[in-house]
Structures are given as structure tokens and as C-alpha cells.
Amino acid sequence: MSLYEESDGILETHVTWQDVESDLQKKFGTNATFGENKTAVNISDMKGFMSRIALVEPDWQNVEEGKELPQKFALKISSQLALITLSKMMNFEGGEGFGAEKLAKFSTLTRECHNREVYSLKPFDNNDDLKGYMILEFIPNIHSLEMYQSIPADDLLPLVRGIATFSALAESLSPEETKLVIDRDYLELMFKEFFNETELTKKFENIRKLFEEDHPENAKKLIEAFQHYKELVPRYTKISEILGIKLVLNHGDLWQSNMIYSKNKDGELQLKAIIDWQGVSRMPPGLDLSRLLLGCLSVKDRRERGQELLKCYHETFTQVHGKELFSFHELQDCYNLYAPMMGMLLVPELYMFIDSSKISEEEKLGARKEARAKIVAIMEDVIEIHEQNLKNYEDFMRI
């Protein structure tokens, strides 16, 4: 058996009701048991690709007097079943999705990422263990955001302050406490597994086809820019030594599904949690910020208020850290150096998330129109940023 094969456990994984019940009995010091009316509902649709997530209502029986047990909790089970769906959706391997050999390689990464991450954590004990899961507090009334949806700049400010605070506080952690973070070869790992020559060729062809009628020249320039940065990936691993850019801990996977929001009575988004920290990486701060600004802001907000969010990050980091680790100008340059790399994740993949979403065709039509405007703007901005990078970092950018 393997992590990419269905089993007879919860949500077709290898984790059983008995596993979870036994674990929670130990964690809460109780002999109470799950009842016959226990339920597990799959709430993981498009919210993570290395796990399945269940909303569990355990129907506790024989609870001791005075003992408070969670009536609902989220159960995140490490599994490659979602990765199979994603790989098909993104047309990997000619639309067939990842094969057994590729998935077997990813199984090691799945185990390592899971063991980095909560009422309870069941880590993978070895390479043959098929049962890894987390039991977390359930946050009710969340407002789901899809990858193609924008977050207003005002609603993104608390998140920017949050990641800046995290990165600043992490400066005081010891090497032992940060030994499991992904090192500065983050981009090399990502490109090796997801953006090999074959997949990039398909991506570039899709860009050509999508914009051959209305934006052919910019599509050509964007592909040329992406090809340029692909050649620079190994150099980015040494960016700190080459350019003197400071490294901090980044979340590493900041996109809409890893942010939990609710809506208040006025319809404003309120940040409740940032999740999926298994991709924490020691990288320049431009990694998280470029992903956020390109992927989460509307075109108008990014162009009019992007600098405000960068300034918010810089001021928050400096205040929490107690001194300036990098200047605001250095942070701007850092953002510019990583924006084309993160743009490569988004163009033209935004369309694929719309096509696979569970909304009406009329809603998909509106989402595609909005996404197209967003992609065109990303295309324009990346081309402009690339030209700035060629001028400002001539030696680093030379291939």
C-alpha cells in the first residue's frame, strides 16, 4: 500500500476511527468514546494538495463529569490522493497526472512536510508508515477564498503584519529549533519537481495560445522572461552570498486556501488563522510578499497600494525585531527579484482553478473575465520588473 492509494479508512485514507479516538483519549485524559453517529465530512476541496481534511463530529459517549471535549474538530490527514487530482487538473504528464514512480518520490516529501507541522499530531514514524495526521481546533463560519479571487488590501494588512511578526520573532530561534525548515534551495526543489523542461514547455505554449490574438507581443516577452529566470534558479539558492540579501523564515506557501477568513456583519474579511506551515523556508522576505501581492491583490490594489503593504511588512518586522535587519529599499528589490518567479506559478494556472471550481457556468464566465484581467496585469508588471532587475542587478541576472 502507499499514500497515493485509496484505503478503507476515514475519507478513503489509511487513518481509522480507532486511530483518532485512541489518540484523543490519551491527549484529553478520557475514557469517552466516539458514538455510532460520528461523522467525517470532506472539507478539503482545493484546500491543500498533500492531505485530505475532514470536519469531524465525534458524538462523544460516556464523557466523565466536568470533562470538556471538542464537539467538532478538523482532521488533516496526509495523503497523496489530492495530489493526483491536482496533477490531472494542471495537465501534468499529458493530462494523465503523476504516475506511480513520481508519486513514490513525492511520498518522502509528503512525510517530511507533515512531520514539520492541534489538538494532536501523529507523525510518520518511518518510510513505511501510512498514518500521519493532525487534529486541530475547528474554526466555524469561515469564508472560503479561491485562488482566482482577490483579497482587498485593507483585509490583507493583518496578514502582512502576521507574517512579518513571525519572521521577526523567528530571528531569536536557535539552529536546533529551526533545523526542519526548508533551506535556501527552495526554488531548486520546486522547479525540479513541478517545473521541469517538459512542463515549462507546455506552460509557455499555453501562454502563447491564450494571448495570441490580443497580447501576442507581451506573451512573447513574458515567456522570454520566464525562460531567463528558469536559468537563474541555481543562482537564487546563493542569492544571500552573491547580493548580501538577508534571509528570514518565510511561510513558503501563502495563497488564498492557506488563509482562514470569516466575514463580519459589515461584510469585511477578518483573518482567523494562517495554516499549512510545513513549507517554512529560510529565504529572502520577497518570497512570501511577491506571492501575496501578485496572487491575492486585485490589479488596482497591487498597483496603487502594493508599496503600502511592503512598507507595513518592513515597519512591523523592524519594530518586532527591535532593529532594522534590512532597509525598505532592500525589501523592494527583494520583492522585485522574486516577483517573476512567483508569477510563473500563477500564469496561466489561475484558469485551471476556475475550471475545476464548483460554481455555475455563469459564475465561471465572470471569474475567467476577472482572472484574464489579472493575468494580463501580472504579465505587464513582470515584464517591467524584469527590465528593472536586468538594469539593477546586471551581474546577477547575466546568463
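Residues numbered from 1 in each chain as written. Predicted model: local features only at pLDDT ≥ 70, side-chain atom pairs only at ≥ 80, totals over all residues. Heavy atoms only, no water.

Going by the annotation in an unreviewed UniProt entry, the name recorded for the chain is CHK kinase-like domain-containing protein, with Caenorhabditis remanei given as the source organism.

Draft legend 1. Geometry of the sheet that holds strand β6 (residues 120-122). If you walk across this open sheet you meet the five strands as β2-β3-β5-β7-β6, and the pairing is antiparallel. Each having just a single partner strand, β2 (39-42) and β6 make up the two edges of the open sheet. Pairwise comparison of adjacent strand axes, ignoring direction, gives a mean angle of 25° for this sheet. Sheet analysis places β2 next to strand β3 (residues 51-57), joined by four bridges and oriented antiparallel. Counted as the bridge partner of V41 is L55 from β3. (Pairing = 2+ DSSP bridges. Helix = DSSP H or I, 4+ residues; strand = E, 2+ residues; numbered from the N terminus. Axes fitted to C-alpha atoms, helices over the stretch in contact; angles between N-to-C directions.)

Draft legend 2. Molecular detail of the side chain of R52. For R52, the position within the fold is in strand β3. Note on R52: relative accessible area 15%, which makes it buried. There is a polar contact of 3.2 Å between the side chain of R52 and the side chain of E12. Beyond its immediate sequence surroundings of up to four residues, R52 is in contact with L11, E12, T13, N42, S44, L75, K76, I77, S79 and L81. (Buried < 20%, exposed > 50% of the residue type's maximum accessible area, 1.4 Å probe, protein only. Polar contact = N/O pair within 3.5 Å; in protein donor to acceptor, adjacent residues only side chain to side chain. Contact = heavy atoms within 4.5 Å.)

Draft legend 3. Seen up close, the nonpolar core. By size, the foremost hydrophobic cluster in this structure holds 81 residues, and its most contacted members are L187, Y236, L292 and Y313. For L292, the contacting residues outside a window of four places in its chain are L156, L159, V160, I163, L254, M259 and L297. Core analysis: the second largest hydrophobic core is formed by 16 residues, A54, L69, L75 and I135 among them. (Core = buried A, V, L, I, M, F, W, Y, C linked by side-chain atoms within 4.5 Å.)

Draft legend 4. Region of the structure containing the environment of T16. Relative to the helices and strands, T16 is located in the segment before α1 (17-28). On the basis of relative accessible area, T16 is assigned to the partly exposed category, the value being 25%. Not counting residues within four places of it along the chain, the set of residues in contact with T16 comprises I10 and K131.

Draft legend 5. View of the pattern of salt bridges. As enumerated under the stated definition, the model contains 22 salt bridges in all. In this structure, E361 and K364 form a salt bridge, with 3.9 Å as the shortest nitrogen-oxygen distance. Placement of the pair is E361 and K364 together in helix α13 (residues 361-392), with a separation of three residues, close to one helical turn. (Salt bridge = Lys/Arg side-chain N within 4 Å of Asp/Glu carboxyl O.)

Draft legend 6. View of the packing of helix α10 (residues 299-321) against helix α11 (residues 328-346). Relative to each other, α10 and α11 sit at 125°, their axes nearing to 10 Å. The angle between the axes of α10 and α11 places the two elements in the oblique class. The chirality of how α10 crosses α11 is right-handed. Contacts between α10 and α11 involve R302, Q307, L310, K311, Y313 and H314 on the former and, on the latter, F328, L331, Q332 and Y335. Among the residues forming the contact of α10 with α11, the class breakdown is five nonpolar, three polar and two charged. (Parallel < 35°, antiparallel > 145°, perpendicular 65-115°, else oblique. Left-handed = near helix turned anticlockwise from the far one by under 90°. Nonpolar A, V, L, I, M, F, W, Y, C, P; charged D, E, K, R; others polar.)

Draft legend 7. Up close: unusual backbone geometry. Looking along the chain, the bond that leaves V347 and enters P348 is cis, with omega of -5°. Within the secondary structure, P348 sits in the loop between α11 and α12 (350-355). One non-glycine residue, N141, adopts positive backbone phi at about 55°.

Draft legend 8. The pairing of strand β5 (residues 73-78), seen in detail. With six of six residues buried, β5 lies mostly within the body of the structure. Of the two faces of β5, both are covered, the one formed by F73, L75 and I77 as well as the one formed by A74, K76 and S78. Looking at chain direction, β3 and β5 are connected through six bridges and run antiparallel. For I53, the partnering residue across the bridge sits in β5 and is K76. Looking at chain direction, β5 and strand β7 (residues 133-137) are connected through five bridges and run antiparallel. For A74, the partnering residue across the bridge sits in β7 and is L136.

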